[in-house]
Amino acid sequence: MIVILGYDGLEYNYVVEFKCKELMQESFGKTDISMFTEPRTVVIWSSFLTGRNTEKLALKDLWNFRVKPEETFFSKFKKWYAIDVPGFTHISEIHAKEREVMKKVFEGEASVEEYDKLIFENHKKVKEMFFEALEKDYDILMSYFSLADSIGHVSFGLKIKMKLIYRELEKIAKKTKEVAKKVFIISDHGMKAVGRFGDHSNYGFWSFSENVDLGTPKVIELRKFIESLA
Amino acid sequence: MLKIAMVGEVDHGKSTLIGRILYDTKSLPEEKLKEIELACKELGEEMDFAFVVDALEEERKEKKTIEASHIFFSYKGKEFAIIDAPGHKEFIKNMATGVSQADVAVLIIAADEGIKEQTKRHAALLKLLGIKSVIVAVNKMDLVNYSQDIFEKIKKKVKDLLETIGLHAIAFIPISAYNGDNVVVSSRNMKWYNGKTLIEELLNLELEKKDAEKTVFCVQGIYETNGGKKLVTGVLLSGKIKSGETLYSFPSGKNVKVNGIFYPDEISKISAVSSPGLELSEDISRGCVLSNKELQVKKEIICTIFALEERVEEGCEFLMRCFTQEAKCRVKRIIDALDIDTLEEKNTKEIKPCEIGKCIIELSDKMVFSSISEIPELARIVLVKNGKIIAGGVVV
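A.B. asks: Pulling in residues and values, what's your account of the overall build of chain A?
C.D. replies: Scanning chain A from N- to C-terminus turns up nine helices and eight strands. The buried share among the 230 residues of chain A stands at 57%. Within chain A, contacts between residues separated by at least 24 positions form 70% of all contacts whose residues are at least 6 apart in sequence. On chain A, roughly 10000 Å² of surface is accessible, and the fraction owed to carbon and sulfur atoms is 49%.

Right, dumping it as structure tokens:
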């Protein structure tokens, strides 16, 4: 089975600084997302899946935008499953609630603790779905985890907290590698600290369980690479 | 303030122990800790105290304090500073350059691994740097089922090792920094241990009293004030200075009168350990040492040194620094070197990296020295080449 772990907001520099071996895998690097006017989650993920820049279309109705399976690299595989991937199979109610509480945190109407609890709760749900799917016989399985991005927006400047988050993502990657033949890890964008908070950076992260030389690929170029694994 | 050097092999739990001490003595920034605790709970992780130390490290970097290598905390009215050095090189650099003078060392040994190469090296360094009080903390007792038998075996081995080196441990404590056994709170898992907890040992430790009558002031710099006065700045390591008194200025031995003391405003007297500005009757330079008593002035010294990245050979030339003093120097003779692995002395003409050796060093100019027990700052030296510290040591 090929597994793609979509880690939203996973920052290249933290992966290196925290020495996250399970995230770096055999080969790793940054992705080029400079073709987009802004590093927007839905746009980047749907562009990664389809291999084309979806920005113009997606911006019309960002959180309701969804690409069709036949437009994505999943069409090259017989048995596939995609969990909560933005712009494709994302679970709207989870992310709408997260965005709402995040807004309240910034406006001082909700506490960081309250927000973190919600994020961890949602993370647990997605993780459960993923590990369940990992036991099944798919050719390719992709799961999206928003943990690093969601916690990062309010706590990216608290490195120690982020280290814990990256450790959790490492654990998922490690468990995945026990089952999957090939593991590709990708983030839509990284993050940069703004005081204790975090904002999107203008590059993403990739890594693969085998030795490959992808350099700094444009995110839309990765469709071909994923298809080559079929 | 009691300064504690924490030393031990990588992965023997130094960071976890520091984190545990800070946590159990309630010395941590509560708000930040709350978020970390929640994240640990939600992610099904045990609270990792090594993370707490990382968090403090971040904070120190942000604040860019001059005491960047110290972690401060207080407990039951006593103040402590943990000297945090990531490795033995940093440790000896800090110790030898006077950044950190530890009063006591806690030697950490993991119960599941016992004595390692680094343990021997650290013990030899403690001896070299003149640290007399050593507490041995046998950590990770939880990993050996809190076995008294294993603790006693390690205790015997460490005791023998320390005796070979010439060190005496004031206490051996079985601890689990991870679970908090015998660090601040007495262990319920080791009822067979009747001794003090680590913090109790530290609380009971009395600092050696210096000769309060001996004034030692090391000159760091000379500045001109807006009013045109020349102010001599430095550190008062021992004794007191009164306005109007006459002191000797070493190495020359000439008399100088203290016309005024500024700390930061003018005051009549000042006690150790302070960093005042002095207005003096004579011009003096950086590196001079002022005292009311005779000090040892030497142009040739015997010292024990620890070589860092480069070998130290007979004939090598360096810049020697001793607190605020510096002078060019040459290694006249290597007397012996100590193999860190076997702890055997060998006759040699060089001291290799990570070896400890005794040598005779000639100086281009006279410098003031002291015994390590009296004024440790004036007994610790570093040898510098092209701005890089090549070796650190202690004047014998």
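A.B. asks: Explain a nonpolar patch on the surface residue by residue, including any values.
C.D. replies: On the surface, a nonpolar cluster with roughly 260 Å² of combined accessible area is contributed by A:Phe106, A:Val194 and A:Phe197. Inspection of the secondary structure assignment puts A:Phe197 in strand β7 (residues 197–200).

A.B. asks: So what's going on with the packing of helix α5 (residues 92–106) of chain A against helix α7 (residues 147–155) of chain A? Which residues, and what values?
C.D. replies: Between two packed helices, the angle of one axis relative to the other and the distance separating the axes together describe the packing. Residues and elements named next belong to chain A. It is the contact of α5 with α7, at a shortest axis distance of 11 Å, that shows an interaxial angle of 10°. By the angle between their directions, the pair α5 and α7 is classed as roughly parallel. From α5, Glu98, Met102, Val105 and Phe106 reach across to α7, where they touch Ser150, His153 and Val154. Its residues assigned to classes, the contact of α5 with α7 shows four nonpolar, two polar and one charged.

A.B. asks: Can you lay out the pattern of salt bridges for me, pointing to particular residues and giving the numbers?
C.D. replies: Following the criterion strictly, the structure yields 27 salt bridges over all chains and no others. Note that A:Glu100 and A:Lys104 form a salt bridge whose closest N and O atoms lie 3.9 Å from each other. Here the residue A:Glu100 and the residue A:Lys104 both occupy positions in helix α5, the gap between them amounting to four residues, near one helical turn. For B:Glu350, the salt bridge goes to B:Arg311, with nearest N and O atoms at 2.7 Å. Here B:Glu350 is found in strand β21 (residues 350–351), whereas its partner B:Arg311 is found in the loop between β16 (296–307) and β17 (312–313), with 39 residues between them in sequence. According to the relative accessible area criterion, B:Glu350 is buried, its value standing at 17%. Judged by its relative accessible area of 40%, B:Arg311 falls in the partly exposed class. Connected through shared salt-bridge partners, A:Asp116, A:Lys161, A:Arg196 and B:Glu35 make up one network.

A.B. asks: How would you sum up the packing of helix α6 (residues 112–134) of chain A against helix α8 (residues 159–177) of chain A? Please name residues and give values.
C.D. replies: Residue and element names in this part refer to chain A. Close contact between α6 and α8 brings their axes to 12 Å; oriented N to C, the two are set at 10°. Classed by the angle they form, the pair α6 and α8 counts as roughly parallel. When α6 is examined against α8, the residues Val112, Asp116, Phe120, His123, Lys127, Phe130, Phe131 and Leu134 are found in contact with a partner set consisting of Lys161, Ile165, Glu168, Ile172, Lys175 and Thr176. Here the residues of the contact of α6 with α8 are counted per class, giving seven nonpolar, two polar and five charged.

A.B. asks: Which residues make up the interface of chain B and chain A, and what values go with them?
C.D. replies: Listed as interface residues are 15 residues of chain B and, on the opposing side, 20 residues of chain A. Put simply, chain B and chain A have three salt bridges between them. Taken together, the connections running from chain B to chain A amount to three residue pairs in polar contact (both at pLDDT 80 or more). No other element matches helix α2 (residues 30–42) of chain B, which puts eight residues into the side of chain B that touches chain A.

A.B. asks: With reference to specific residues and values, describe the nonpolar core.
C.D. replies: Among the nonpolar cores identified, the biggest contains 122 residues, and A:Leu5, A:Tyr7, A:Leu23, A:Phe130, A:Tyr166 and B:Leu17 are the most heavily contacted of them. Of all the elements, α6(A) adds the most residues to this core, at 10 residues. Split by domain, the residues of this core number at least three in each of domain 1 (2–204) and domain 3 (296–395) of chain B. The residues touching A:Tyr7, leaving out its near neighbours within four places in the chain, are A:Leu23, A:Trp45, A:Phe145, A:Leu169, A:Ile172, A:Ala173, A:Ile185, A:Ile186, A:Ser187 and A:Asp188. B:Cys316, B:Met320, B:Ala327 and B:Val368 belong to the second largest nonpolar core, which has 35 residues in total.

A.B. asks: Lay out the pairing of strand β5 (residues 133–139) of chain B in plain terms, naming residues and giving numbers.
C.D. replies: Residues and elements named next belong to chain B. By the criterion of burial, β5 is predominantly enclosed, with seven of the seven residues buried. Residues of β5 alternate between two faces, with Ser133, Ile135, Ala137 and Asn139 on one and Val134, Val136 and Val138 on the opposite face, all of them buried. Bridging between strand β4 (residues 104–110) and β5 involves seven bridges; their strand directions are parallel. Across the sheet, Ile109 pairs through a bridge with Val138, a residue of β5. In this fold, β4 hands off to helix α5 (residues 117–128), which returns the chain to β5; that crossover is right-handed. Sheet topology places β5 next to strand β6 (residues 169–174); five bridges connect them, and they run parallel. Looking across to β6, one finds that Val136 is bridged to Phe172. For the segment spanning β5, helix α6 (residues 148–165) and β6, crossover handedness is right-handed.

A.B. asks: Which residues make up the side chain of A:Ser27, and what values go with them?
C.D. replies: Residues and elements named next belong to chain A. As for its position among the elements, Ser27 is in strand β2 (residues 27–32). A relative accessible area of 6% means that Ser27 is categorised as buried. Leaving out residues up to four positions away in the same chain, Ser27 has contacts with Trp206, Ser207, Phe208, Glu210, Asn211 and Val212.

A.B. asks: Just give me the short version of the environment of B:Phe172, but keep the residues and values in it.
C.D. replies: All names here are of chain B. Position of Phe172 relative to the elements: it lies in strand β6. Residue classification places Phe172 among the buried residues on the basis of a relative accessible area of 10%. A sequence separation of 35 residues divides Phe172 from Ala137, and the C-alpha atoms of the two residues are 6.0 Å apart. With residues near it in sequence (within four places) discarded, Phe172 still touches Val136, Phe151, Lys155, Val158, Lys159 and Tyr193.

The rules we used
Residues numbered from 1 in each chain as written. Chains lettered and ligands numbered in written order. Predicted model: local features only at pLDDT ≥ 70, side-chain atom pairs only at ≥ 80, totals over all residues. Heavy atoms only, no water. Helix = DSSP H or I, 4+ residues; strand = E, 2+ residues; numbered from the N terminus. Buried < 20%, exposed > 50% of the residue type's maximum accessible area, 1.4 Å probe, protein only. Contact = heavy atoms within 4.5 Å. Areas by Shrake-Rupley, 256 points an atom, 1.4 Å probe, with all protein chains shown as cover. Patch = residues over 30% accessible without salt bridge, like charges linked within 9 Å, V, L, I, M, F, W, Y side chains within 5 Å. Salt bridge = Lys/Arg side-chain N within 4 Å of Asp/Glu carboxyl O. Axes fitted to C-alpha atoms, helices over the stretch in contact; angles between N-to-C directions. Parallel < 35°, antiparallel > 145°, perpendicular 65-115°, else oblique. Nonpolar A, V, L, I, M, F, W, Y, C, P; charged D, E, K, R; others polar. Polar contact = N/O pair within 3.5 Å; in protein donor to acceptor, adjacent residues only side chain to side chain. Core = buried A, V, L, I, M, F, W, Y, C linked by side-chain atoms within 4.5 Å. Domains from an automatic or database assignment. Pairing = 2+ DSSP bridges. Right-handed = clockwise from strand over helix to strand, strands pointing away.

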